[in-house]
Each structure stands twice: as structure tokens, then as C-alpha cells.
Amino acid sequence: MVRDHAAQVDQEAVWPEHGLRALQSAGLGGLVVPVEHGGLGHGLHTLTRLCEILGRECASTAITFGMHHVGAAVIAAKVTPWQRTQYLEPIVAGRHLTTLALSEPGTGAHFYYPQLQLDPAPDGSFRATGTKVFVTNGAHADSYVVSARSDSADLGDFSCFVLPEGTEGMTWGEPWSGLGMRGNSARTLHLEGVNVPQTQLLGAVGDQIWYVFNVVAPYFLMAMTGTYLGVADAALNAAITHLRQRSYTHSGRTAAQESVLQHRVGALWETLERTRQLAYAAGRAGDAGDSSALPALLSSKSAVADTAVQVVNDAMGLMGGISYRDGNDMERHLRDVRAAPVMSPTTDLLRIWTGRVLLGQPLLGE
Ligand SMILES: Cc1cc2nc3c(=O)[nH]c(=O)nc-3n(C[C@H](O)[C@H](O)[C@H](O)COP(=O)(O)OP(=O)(O)OC[C@H]3O[C@@H](n4cnc5c(N)ncnc54)[C@H](O)[C@@H]3O)c2cc1C
């Protein structure tokens, strides 16, 4: 299903609804929802593997479904009984898709410094005003996990709330048309005085840095890491298949018999496998609550961003002119994979954070 629609999703920039509905119908909607809330109780390692498998076929499906799981993990982290009924139960039943709306035009890659205002109203609820950008699953999800700050909050102290699609005061920008990840529907969301009842707040006001480094970042990082491992794997396998089949009339030999090409394939496989094993180990360490997991989780995404771009580039080189032809899957992989380094947390910030963890420095701040 996901494979069958991959080309159409890319060419027409359509949200991958067929694949997402099939994944929900297969019972995977509650993949990372804890068992006590009716979910499958899986964690970072399984999410990485699932996104890797999906990413081999369609990077947009992998990220859109991955972002649903990041949102579900954030909702589940400090869920109230009302939120459990309203959100987690339909997520587990495969009837509700959620996603994250963190990035903003003003703060860009610094998604942990939201400017969207969440101010108390006299009736005890809140009013949200501001703009989110690149909201994957935008206008298609059933709910959005939105970050915001209040006037009194210090920089970096913010709150998250969950917002149902269609709430009065929400408007969407233009449909998404990206270079790659064209099924993402990564749209701009404007909120103007949107009413946010207390019941929709996630956790306590101001404890969101806990969310960022304990839930959002680990799940977000591993969803992206898995996706781009999958894209790189698909590209390398396409190159291997090509080299085995490509034969030359002048020599009667296949490209697979040339030692230079054997060497290049071996080196690429080694690079990809090293990154894959780092990611799997990081996911398992994170799932086990290992205190040393954070640098490995951060490095998994920065490593895969470099590796996947290199593998797709080099795999195209191995396939020669055929990979450059219109309509070739490699062209889609190349466009999709270019999002890996620029999607937050970006490679620059991840390497700084990894260094800060190792040097015992505060993660945020200049
Ligand atoms: C396909 C796609 C899907 C996305 N989906 C989502 C989503 O679902 N939800 C969501 O919230 N966001 C999403 N995003 C947003 C994304 O994750 C980033 O937040 C956004 O692309 C970065 O913002 P910007 O372009 O303004 O970068 P800028 O902030 O302008 O940064 C540009 C570059 O400068 C570097 N940089 C900036 N400041 C520093 C610094 N102080 N130190 C070191 N380096 C620095 C950055 O690392 C980056 O490489 C998506 C983006 C894409 C491309």
C-alpha cells in the first residue's frame, strides 16, 4: 500500500492518507501509547524500526506517521483522565491522528523558544495567538500538540496544549509544496484568540523543558532517524541491484565485478550500518531509561543526516546516468533526504547539545 502510492504522493504532493489509514487499521495507531492506557507500549527502538521500514518505501508516510507517534507520546506522558478518553483511546483505536506544531517563523530551528502566546482568560481558560510553521499533517490531523508561552514566562519556559482540528480561530496557510517530503502537508497554522480550556493543557504550565528533552526530542529524533535510515537503505539497495545487473558488451563483465565499485559499495554499507547500529543502540538505551542515552539519541539524528545524504548521493553516482533520469526513485530519495539536516533539531544544534551533555554544560542558552 505504502509502496504503491509513493510515486503519486511525491508527484502530486498529496498527504499519504491510504498508507496512514492502513497503518491505523493494522492496530499501529497506539504503538508508543503505554500498555496501561491500552496502547502497544513500544518505545524509541520500535519507532525507529517502523519509520525505517516505511522510509524505504515512502519518506512522507514514514514522517507523517512518525510525527503522529511523537504527538501521541507527548499526550501520554502526563495524561489526565479526560485527555485519555478524548485523545489516547481514539488514538489506540486507530480513529485519531495527532501531530506536533512547535516550529515558528520567528524562532526557526530554536523550536524550544515558542513565541505563540497563551494567556489566561477571566473564565479560567486560556487564549492562544500566534503562528506555527511546517506543521506536518497540517489540516489533516485530528489534533495538534502546540507549544506556547505566557507573558510572565522566562525564555524557554513554555506550555504545551492539544488543539482539536477545526477549533474556532485556527486557519491554515497555503498547501505544502516542498522540494521533497512532498506528502508531508507541512503547513503554516495561524491561531487568533483561540480558546484553550484548562483540560487541554499538557502537564503543568512551565514544565515543558522536561517534555522537550524527555519526550519530544527522543521520539522526534528517532522518528526522523528511522525515516532517513530507510531512505538511505532504499538508495543503497537500488545501487546494488543496478550494479549486479549492469553488464558491459565490450568486456562481458558486470559492474558488480569491478573492484573499485565493490570497494565503494562496501564503504557505503559500512557507513550506513555504523549509523544504523548507533541508532538502534540509542533507542534501546533510551527505552531502558539509561542515563547515558541522551548523547546517543542526539547523535543518531545528526549522524543519519550526514550519512543518509552521503549514501543517496554516492548511490546515485554508482548508478550512473540512469539515476539522473526523470521518474527514477533515486531522484525522489535525493529530494527527500535533503530535509534530514534541516529538520529540527538541526545537525548544528544537535552537535552543540551533544557536546554540552558531555561537558556538563546547560543544554539551552547561548
Ligand atoms: C519537511 C519538513 C517537515 C517539518 N515538520 C515539522 C513539524 O512537523 N513540526 C514542527 O514543529 N516543525 C517541523 N519542521 C520545521 C523544522 O523542523 C525546523 O524548525 C525548521 O526547518 C528550521 O527553521 P528555519 O528554516 O527557520 O531555520 P533557521 O532557524 O533559520 O536555521 C538555519 C540554519 O542555521 C542553524 N542555526 C540557527 N541558529 C543556530 C545557532 N544558534 N547555533 C548553531 N546553528 C544555528 C540551524 O541549525 C539551521 O541549519 C519541518 C521542516 C521540514 C523541512
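Everything numeric here is computed off the predicted structure, so don't read it as measured data.

Asker: Honestly, the site of the ligand in this entry has me stumped. Any pointers?
Answerer: Lining the immediate surroundings of the ligand are 22 residues, of which Gly 108, Phe 134, Thr 136, Ser 344 and Thr 346 lie closest. Residue assignment for the shell around the ligand shows that the elements contributing at least two residues are β1 (98–101), β3 (126–135) and α10 (347–359). There are two domains that each give the shell around the ligand at least three residues, and those are domain 2 (100–204) and domain 3 (209–359).

Asker: Help me understand the sheet that holds β1, please; the structure alone is not making it clear to me.
Answerer: What links the strands of a sheet is backbone hydrogen bonding, and the strands pair in either a parallel or an antiparallel sense. Overall, mixed pairing links the four strands, which are arranged β1-β4-β5-β8 in an open sheet. Every other strand in the sheet has two partners, leaving β1 and β8 (201–202) as the edge strands with one partner each. In terms of strand pairing, strand β4 (residues 143–148) meets strand β5 (residues 159–164) through six bridges, oriented antiparallel. Across the sheet, residue Tyr 144 finds its bridge partner in β5, namely Leu 163. Of the strands in this sheet, β1, β4, β5 and β8 touch helix α4 (residues 59–77), which is tilted by about 85° from β1.

Asker: Help me understand the packing of helix α3 (residues 44–57) against α4, please; the structure alone is not making it clear to me.
Answerer: In helix packing, the relevant descriptors are the interaxial angle and the interaxial distance, both defined with respect to the helix axes. The interhelical angle for the contact between α3 and α4, taken along N-to-C directions, is 155°, at an axis separation of 7 Å. Judged by the angle between their axes, α3 and α4 are roughly antiparallel. Contact residues: α3 offers Leu 47, Cys 51, Leu 54 and Gly 55, while α4 offers Ala 59, Thr 61, Ala 62, Phe 65, Gly 66 and His 69. Grouping the amino acids of the contact of α3 with α4 by side-chain chemistry returns six nonpolar, four polar and no charged.

Rules used throughout
Residues numbered from 1 in each chain as written. Predicted model: local features only at pLDDT ≥ 70, side-chain atom pairs only at ≥ 80, totals over all residues. Near = placed C-beta within 6 Å. Helix = DSSP H or I, 4+ residues; strand = E, 2+ residues; numbered from the N terminus. Domains from an automatic or database assignment. Pairing = 2+ DSSP bridges. Contact = placed C-beta atoms within 7 Å. Axes fitted to C-alpha atoms, helices over the stretch in contact; angles between N-to-C directions. Parallel < 35°, antiparallel > 145°, perpendicular 65-115°, else oblique. Nonpolar A, V, L, I, M, F, W, Y, C, P; charged D, E, K, R; others polar.

So yeah, pure geometry; function would need other evidence.
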